[in-house]
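# What the coordinates show
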Amino acid sequence: MDFTGKVVLITGATGGIGKETARLFANKGAKLALVDLDYQALTSLAKELDLEDYLLYSADVTSEDQVKSFVQQTKAKYGRIDVFFNNAGIEGKVASIIETTSEDLEKVLNVNIKGVFYGLKHVMAIMMEQKSGSIINSASITGLRGSIGLAPYSASKHAVLGLTKTAALETANMGIRVNAICPGYVDTQMMKKIEEGKAPNQGRIAREKAMESVPMGRYALPKEVANLVLFLASNNASFITGSHYGIDGGILA
């Protein structure tokens with residue numbers, strides 16, 4: 001699990017899981033390229049982690065030009081990309097299918113599908129040239145089942161799993177591995193938004209109900225999800241590609 005000198009690109013870097021993953025990679029010696037919409041949050045993160053060798057880039061992953069730009073800038077600075085945590089995503093508004101607007105649907109699908117696709121497209125090209133690399137896509141347990149009130153999100157995460165498997169097949173003989181993580185309930189700001197969406201002004205009640213459905217009786221910590229990302233990025237997972245890994249405290253069991 002030593003990433004000394006390895007170049008790690010992370011999108012959605014200032015979110016709960018992204019931040020903890022950046023922290024763990026930094027602690028393991030990686031050079032970080034961190035991407036998010038909020039540049040101020042990125043600079044705060046770099047300061048918090050006391051980073052020495054890093055690249056910060058404010059970008060909208062729904063724009064292929066912007067994705068291409070931050071990938072190329074990472075390559076220009078470091079000469080390669082060893083690990084790509086394709087993590088940027090949004091939950092969207094909590095609403096039934098019949099209450100979901102076309103605008104809300106489009107917003108979620110653009111970020112969670114197009115954003116993941118563009119990241120794969122441009123990072124894979126670099127990894128194919130260097131004939132090595134590990135990509136980890138952020139999916140969800142909602143990519144393996146339905147979720148009331150989150151139809152666009154669930155649909156988008158199902159799509160991420162399809163992209164993961166296809167990308168893995170297209171690169172399996174090139175020294176590149178592509179996998180996905182499928183977190184359940186994680187103690188992040190995104191989860192708090194979902195709780196409030198499902199029970200306005202009573203998010204605590206929604207949280208307690210969600211915990212009751214987890215056999216282990218609690219939410220995951222962002223660091224626990226980050227540990228899975230590091231494993232999949234490491235040589236310890238050298239024969240794993242095209243797979244998805246649940247980290248849900250036993251929900252899908």
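Structure shown above.
So, a few notes on the structure that sits alongside this text. These numbers were taken from a predicted model, which means no experiment stands behind them.

Time to look at the sheet that holds strand S4 (residues 83-86). Strand order in the open sheet made by the seven strands is S3-S2-S1-S4-S5-S6-S7, with parallel pairing throughout. In the strand order of this sheet, the two ends are held by strand S3 (54-58) and strand S7 (244-247), each with one partner. The average angle at which neighbouring strand axes cross in this sheet is 15°, direction not considered. Relative to S4, strand S1 (residues 7-11) runs parallel, the two being bridged by three bridges.

This part covers the side chain of Thr74. With respect to the helices and strands, Thr74 occurs in helix H3 (residues 64-78). Not counting residues within four places of it along the chain, the set of residues in contact with Thr74 comprises Val7, Leu9, Ala33, Leu55, Gly79, Arg80 and Ile81.

With their axes 8 Å apart at the nearest point, H3 and helix H4 (residues 102-130) run at an angle of 30° to one another. Considering the angle they form, H3 stands roughly parallel to H4. Remark: the crossing between H3 and H4 carries right-handed chirality. Here Glu64, Val67, Lys68, Val71 and Lys75 of H3 lie close against H4, whose contacting residues are Tyr118, Gly119, Lys121, His122, Val123, Ile126 and Glu129. Grouping the constituent residues of the contact of H3 with H4 by class yields five nonpolar, two polar and five charged.

A few words now on the side chain of Ser156. Here Ser156 is to be found in helix H5 (residues 151-171). With sequence-adjacent residues up to four places away left out, Ser156 is seen in contact with Val108, Leu109, Asn112 and Ile113.

Right, let's talk about empty space enclosed by the protein for a bit. Scanning the entire structure with this criterion turns up two cavities of 30 Å³ or more. Broken down by element, the lining of the largest cavity gets its largest block of residues, three residues, from H4. In this structure, the second largest cavity occupies an estimated 40 Å³ of space. Lining the second largest cavity, in full, are Gly92, Lys93, Ala95, Thr100, Asp104, Val108 and Pro152.

Attention now goes to the nonpolar core. Leu9, Phe70, Val71, Leu120, Val123 and Ile135 are the most contacted members of the largest nonpolar core, which has 34 residues in total. Listing elements by their share of this core, those giving two or more residues are S1, strand S2 (31-36), S3, H3, H4, H5 and strand S6 (176-183). A per-element tally of this core places H4 first, with eight residues. Setting aside its immediate chain neighbours within four residues, Leu120 contacts Phe84, Asn86, Ile135, Asn137, Leu163, Ala167 and Val178. Phe3, Val8, Leu45 and Ala233 belong to the second largest nonpolar core, which has 33 residues in total.

What counts and how
Residues numbered from 1 in each chain as written. Predicted model: local features only at pLDDT ≥ 70, side-chain atom pairs only at ≥ 80, totals over all residues. Heavy atoms only, no water. Pairing = 2+ DSSP bridges. Helix = DSSP H or I, 4+ residues; strand = E, 2+ residues; numbered from the N terminus. Axes fitted to C-alpha atoms, helices over the stretch in contact; angles between N-to-C directions. Contact = heavy atoms within 4.5 Å. Parallel < 35°, antiparallel > 145°, perpendicular 65-115°, else oblique. Left-handed = near helix turned anticlockwise from the far one by under 90°. Nonpolar A, V, L, I, M, F, W, Y, C, P; charged D, E, K, R; others polar. 1 Å grid on protein atoms, 1.4 Å probe; cavity = no way out; pocket = protein on both sides within 12 Å on 5 of 7 lines; lining within 4 Å. Points joined across faces, edges and corners; volume = space filled by probe spheres on them. Core = buried A, V, L, I, M, F, W, Y, C linked by side-chain atoms within 4.5 Å. Buried < 20%, exposed > 50% of the residue type's maximum accessible area, 1.4 Å probe, protein only.

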